[in-house]
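Coordinates in review
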Amino acid sequence: MRLPTPWRSRMITVLIVAVAVVTAGPMSGRTQASAAPRAALVSAVDREVRFTADGTTAYGTLHIPAHRAGRRLAAALLLPGSGPTDRNGDEPPGFTPHTLALMAGVLSDDGVMTLRFDKYGTGRTVLGGRSSAPDMAAYTRQAVAAYNTLRAQPEADAHALLVVGHSEGGLQALLVDRAVQPKPAGLALIASQDMRLLDLIRLQLATELNQAVAAGQLTAQQVWLNNRGVATAIADFRARRPVDTSGLLPSRVSLLTGWYVT
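From a predicted model like this one, the values you see are computed outputs, not experimental measurements.

Reading the values: the criteria
Residues numbered from 1 in each chain as written. Predicted model: local features only at pLDDT ≥ 70, side-chain atom pairs only at ≥ 80, totals over all residues. Heavy atoms only, no water. Helix = DSSP H or I, 4+ residues; strand = E, 2+ residues; numbered from the N terminus. Buried < 20%, exposed > 50% of the residue type's maximum accessible area, 1.4 Å probe, protein only. Polar contact = N/O pair within 3.5 Å; in protein donor to acceptor, adjacent residues only side chain to side chain. Contact = heavy atoms within 4.5 Å. Salt bridge = Lys/Arg side-chain N within 4 Å of Asp/Glu carboxyl O. Phe/Tyr/Trp six-rings, centres within 6.5 Å; stacked < 30°, edge-to-face > 60°. Lys NZ or Arg CZ within 6 Å of the ring centre and 35° of its normal. Pairing = 2+ DSSP bridges. Right-handed = clockwise from strand over helix to strand, strands pointing away. Axes fitted to C-alpha atoms, helices over the stretch in contact; angles between N-to-C directions.

**Quick look at unusual backbone geometry**
The peptide bond linking P92 to P93 adopts the cis configuration, its omega dihedral lying at 5 degrees. With respect to the helices, strands and loops of the structure, P93 is situated in the loop between β5 (73-79) and α3 (99-109). Residue P182 is reached from Q181 by a cis peptide bond, and omega for that bond is -5 degrees. Even without glycine at this site, D54 takes up a positive phi of about 55 degrees. With respect to the secondary-structure elements, D54 resides in the loop between β2 (45-53) and β3 (56-64). Its identity is not glycine, yet S167 carries a phi of approximately 60 degrees, on the positive side. According to the relative accessible area criterion, S167 is partly exposed, its value standing at 24%.

**A word on the side chain of T85**
Topologically, T85 is positioned in the loop between β5 and α3. A distance of 3.1 Å separates a polar side-chain atom of T85 from the backbone oxygen of S82. A polar atom in the side chain of T85 sits 3.2 Å from the side chain of E91. Setting aside residues up to four positions removed in sequence, T85 forms contacts with P80, D90, E91, K119 and T122.

**A look at the pattern of salt bridges**
Under the criterion given, the structure shown has eight salt bridges. Salt-bridge contacts for R141 lead to D54; the nearest nitrogen and oxygen are separated by 2.9 Å. Of this pair, R141 sits in helix α4 (residues 136-151) while D54 sits in the loop between β2 and β3; the two residues are 87 residues apart in sequence, bridging distant segments of the chain. Residue D236 pairs with R241 through a salt bridge whose shortest N-O separation is 2.8 Å. Assessed through its relative accessible area of 12%, D236 is described here as buried. Taken together, the shared-partner salt bridges connect E48, R87, D118 and R124 into one network.

**Regarding the packing of aromatic side chains**
Tallied over the full model, the rule gives two aromatic pairs. Between the aromatic rings of F51 and F117, the centroid separation amounts to 5.5 Å while the plane-to-plane angle is 80 degrees, which identifies the pairing as edge-to-face. Of this pair, F51 sits in strand β2 while F117 sits in strand β6 (residues 113-117), placing them 66 residues apart in sequence. We note K119 situated over the ring of Y139; from NZ or CZ to the ring centre the distance is 4.7 Å. Looking at R124, its charged tip hangs above the ring of Y59, at a distance of 4.0 Å from the centre.

**Let's talk about the pairing of β6**
Side-chain positions along a regular strand alternate between the two faces of the sheet. Across the five residues that make up β6, a large majority, five, are buried. Strand direction decides the pairing type here: β3 and β6, joined by four bridges, are antiparallel. Bridged to T61 within β6 is R116. One ladder, built from three bridges, connects β5 with β6; its direction is parallel. Along β6, the bridge assignment pairs A75 with M113. As for the winding sense of the linkage, the β-α-β connection from β5 through α3 to β6 is right-handed.

**Points about the sheet that holds strand β7 (residues 156-166)**
Two strands in a sheet stick together by hydrogen bonds in their backbones, pointing the same way (parallel) or opposite ways (antiparallel). Sheet architecture is open: six strands sit in the order β2-β3-β6-β5-β7-β8, paired in mixed fashion. On the outer flanks of this sheet lie β2 and β8 (186-190), each paired with one strand and no other. Within this sheet the neighbouring strands show an average axis-to-axis angle of 25 degrees, counted without direction. Examined bridge by bridge, β7 and β8 share five bridges and lie parallel to one another.

Encoded structure:
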């Protein structure tokens, strides 16, 4: 499945601008290469990588585009959106837009190497002894470990690093930028969040419930009660009143309590 053409076009435009930022400086090697004999061409390759954050091993794909031997490349860390999203930007089996894989392809066309990885609980990366999804801080530490792994690759130009975040990954990109040294040369925030977080969560939950009705897993009455209950819980939380999740589906209770407890 490919992204819709308008969305893909916007993504390509943003990435090209970001790539121009990180490759325009003197460290790109283009000026030096023009005056020197042309080195042998190295073929493009995907390399499996692993790194550790909070004692848990994460797995990812390092894509190195075709390049001249000995040249250091601009390099981008790709960060996915919210949810159990793997290194390709998918939540299989039902949602497979290949968002990050497409981004890696766009960047490769411009000679930028990329690292994308399986978040906790997706692909080959386990939850690390947790019974539920980690909090935002844990995801940030995982992303920082990925950034440091990318910077240490022998093909990477440490002065031309880029962090590309899709959706919630845009927020993570900003958090990674604050946490790492040296700082990335550029950030690309793709389709970043444009509404209040809990409003977005409410809309996402409503969509999931409607899909469950269409699949015959829930009744319309259950969906109505849960949508109303989620809206009430969010309103109570914002008003600093006790949050009552009684009557909600266990999955809704787990997600809501996970947000306001952590």
